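# Working through the structure, step by step
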Amino acid sequence: MQMNMVSAINNALELLMKENNDIVLLGEDIGVDGGVFRVTDGLLAKFGENRVIDTPLAESAIIGTSIGMALAGMHPIPEIQFAGFMYEGFAQLINHAARYRSRSRSRFTVPMVVRVPVSGGVRTLEHHSESPEAFYSHVGGLIVVEPSGPYDAKGLLIKAAHMQDPVLFLEPTKLYRLFKQEVPEDMYEIEIGKANVVSEGDDLTIITYGTMLPLVKSVVEKKGVSAQVIDLRTINPLDESTIIDGVKKTGKAMIVHEAPLSFGVGAEIAARIAEKAIYDLDAPVMRVASDSFPYPFPGYEQYYIPNEAKISKTIDKMLSS
């Protein structure tokens, strides 16, 4: 069935709630209104207000309540309305959700999936356009996932909800309705911690994820470049082996992400390439990312986040070196 990311995630949530009565959804406006992006639309009518819960506008309470539910044997899937609002629940997520297994020597686990719309490119204000994956990937005990399309979104979300550890599930806002894919209506899982080799190539390896994957694929196709394109799917844990194998194959590595350049996911990947594959490189590792300052007002975001011109220019530079 053809689905966009919104319908694929909605379908995944419905299947999970039918499968497991302990799964509870909670968040701001997710019930009656079906969520700000309508991802939970229709689920209140199907499962009732005891399992699809409209909460106050209090992110720390949403995360804290979810942690309590998880420790008590339930499996909550809270939604934070926008990525920039989740900082209000940062302490709960980092100090408690991510650490309970370690703190209790595995006596307690926190099975919960925190869903968050992320990234920009849709002319919203700064707190609605954050790309916070690097913040949370620095934290041990917290799994960070970011799909790049409907098929992956459904499979990764189902896998995340079957795990016993906290998962931060980042949903790129721009991709919610950008395109459709063929998505099975039945339950299926995609392995977390395993990157996807989207295309094979010999000229260079491009590592990307989230909103940048469709853009990278478009540039590669238009330029007719033989590129091995790797979609991370999971930011933490990082699939190092797929990255290193891809770099060794082509000898050239390019990393593209929407989050700011400084101290980002690209820096971590570049460091690992330097440690494990530096003698296989024919050119320096290059990164294409947003500038390292606060997200701009909507009229300027096209100059801030990576675009086709920036990606194309960097590919040309790499291939000429």
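Structure shown above.
Residues numbered from 1 in each chain as written. Predicted model: local features only at pLDDT ≥ 70, side-chain atom pairs only at ≥ 80, totals over all residues. Heavy atoms only, no water.

### Quick notes on the pairing of strand β14 (residues 286-290)
Note the cut-off: What makes two strands pair is DSSP finding at least two bridges between them. Secondary structure follows DSSP: runs of H or I at least 4 residues long count as helices, runs of E at least 2 residues long count as strands, and numbering of each begins at the N terminus. Call a crossover right-handed when, viewed with both strands pointing away from you, the route from the first strand across the helix to the second goes clockwise.
Examined bridge by bridge, strand β13 (residues 253-260) and β14 share 4 bridges and lie parallel to one another. In the sheet register, Ile-255 faces β14, and the bridge partner there is Arg-287. Taken together, β13, helix α10 (residues 265-277) and β14 constitute a β-α-β crossover, and its handedness is right-handed.

### Topic: the pattern of salt bridges
Here is the rule: When a carboxyl oxygen of Asp or Glu lies within 4 Å of a side-chain nitrogen of Lys or Arg, that pair is called a salt bridge. Per-residue accessibility, obtained with a 1.4 Å probe over protein chains only, is compared with the maximum for each type, and a residue is labelled buried under 20%, exposed over 50%, and partly exposed between these values.
Going through the model one piece at a time under the given rule, you end up with 14 salt bridges. The partner of Glu-14 in a salt bridge is Lys-46, with the nearest N and O atoms 2.9 Å apart. In this pair, Glu-14 sits in helix α1 (residues 5-19) while Lys-46 sits in helix α2 (residues 43-47), placing the two residues 32 residues apart along the sequence. Its relative accessible area of 14% is what places Glu-14 among the buried residues. Residue Arg-115 is joined to Glu-171 by a salt bridge in which the shortest nitrogen-to-oxygen separation is 2.6 Å. Taken together, the residues span a long stretch of sequence, with Arg-115 in strand β5 (residues 113-118) and Glu-171 in strand β7 (residues 167-172) at a distance of 56 residues. Given a relative accessible area of 0%, Glu-171 falls into the buried group. Linked by salt bridges that have partners in common, Glu-240, Glu-268, Arg-272 and Lys-276 make up one network.

### A look at the packing of helix α9 (residues 240-250) against α10
So the rule is basically this: Axes, fitted as lines to C-alpha atoms, cover a helix only where it is in contact. Angles between the N-to-C directions of the axes lie from 0 to 180 degrees. Crossing handedness is read from the near helix: turned anticlockwise from the far helix by less than a right angle, it gives a left-handed crossing, and turned clockwise, a right-handed one. Contacts are assigned to residue pairs with any non-hydrogen atoms lying within 4.5 Å of each other. Under this grouping Gly is polar, as are all residues other than the nonpolar Ala, Val, Leu, Ile, Met, Phe, Trp, Tyr, Cys and Pro and the charged Asp, Glu, Lys and Arg.
Look at α9 against α10: their axes get within 10 Å of each other, and the N-to-C directions meet at 65°. The handedness of the crossing between α9 and α10 is right-handed. In this structure, α9 contributes Glu-240, Ile-243, Ile-244, Val-247 and Lys-248 to the contact, and α10 contributes Ile-269, Arg-272, Ile-273, Lys-276 and Ala-277. The residue inventory of the contact of α9 with α10, partitioned by class, reads 6 nonpolar, no polar and 4 charged.

### Here we look at the environment of Ser-292
As a reminder of what qualifies: Think of a polar contact as two N or O atoms within 3.5 Å of one another; within protein, one of them needs to be a possible hydrogen donor and the other a possible acceptor, and neighboring residues in sequence only count if both atoms come from side chains.
In this fold, Ser-292 is placed in the loop between β14 and α11 (301-304). Among residues more than four places away in sequence, those in contact with Ser-292 are Pro-260, Leu-261 and Ser-262. Here the side chain of Ser-292 touches Ser-262 through a polar contact of 2.8 Å, side chain to side chain.

### Considerations on the side chain of His-75
Tracing the sequence through the fold places His-75 in strand β4 (residues 75-79). Judged by its relative accessible area of 5%, His-75 is buried. Looking at His-75, its side chain comes within polar contact range of the main-chain oxygen of Ala-161, at 3.1 Å. Every residue in contact with His-75, bar those within four places of it in the chain, is listed here: Asn-20, Asp-22, Ile-23, Val-24, Pro-111, Met-112, Val-113, Ala-160, Ala-161 and Met-163.

### Focus: a nonpolar patch on the surface
Heads up, the condition is: Candidates for patches are residues over 30% relative accessible area with no salt bridge; among them, like charges are joined within 9 Å and nonpolar side chains (Val, Leu, Ile, Met, Phe, Trp, Tyr) within 5 Å. Every accessible area reported is derived by Shrake-Rupley at a probe size of 1.4 Å, with residue values counting cover from the shown protein chains alone.
Together, Leu-125, Phe-297, Tyr-300 and Tyr-303 make up a nonpolar patch on the protein surface, roughly 540 Å² of accessible area in all. Within the secondary structure layout, Phe-297 lies in the loop between β14 and α11. For Phe-297, a relative accessible area of 62% gives the class exposed.

### Observations regarding helix α3 (residues 59-71)
Applicable threshold: Each residue after the first adds 1.5 Å to the expected span of a helix. Each direction from the helix axis to a C-beta atom contributes to the arc, which is the arc of those directions.
Taking 1.5 Å of rise per residue, 13 residues should cover 18 Å, and α3 covers 18 Å from first to last C-alpha, within 8% of that figure. Taken together, the buried positions of α3 are occupied by Glu-59, Ile-62, Ile-63, Ser-66, Ile-67, Met-69 and Ala-70. One side of α3 holds all its buried residues, which, seen down the axis, span an arc of 160°. As for α3, its buried residues are in contact with β2 (23-27), β3 (52-54), β4, α4 (90-97), α5 (100-103) and β5. One or two steps after α3, the chain reaches Gly-73, where phi turns positive at roughly 110°.

### Some details on the packing of α1 against helix α7 (residues 150-161)
Let me state the cut-off plainly: For classification purposes, angles smaller than 35 degrees are called roughly parallel, those larger than 145 roughly antiparallel, those between 65 and 115 roughly perpendicular, and all remaining angles oblique.
Between α1 and α7, whose axes approach to 8 Å, the crossing angle comes to 25°. Comparing their axes, α7 and α1 come out roughly parallel. Note that α1 runs across α7; the crossing there is right-handed. Across the interface between the two elements, Met-5, Ala-8, Ile-9, Asn-11, Ala-12, Leu-13, Leu-15 and Leu-16 of α1 pack against Pro-150, Ala-153, Lys-154, Leu-157, Ile-158 and Ala-161 of α7. Looking at the contact of α1 with α7, its residues break down into 12 nonpolar, 1 polar and 1 charged.

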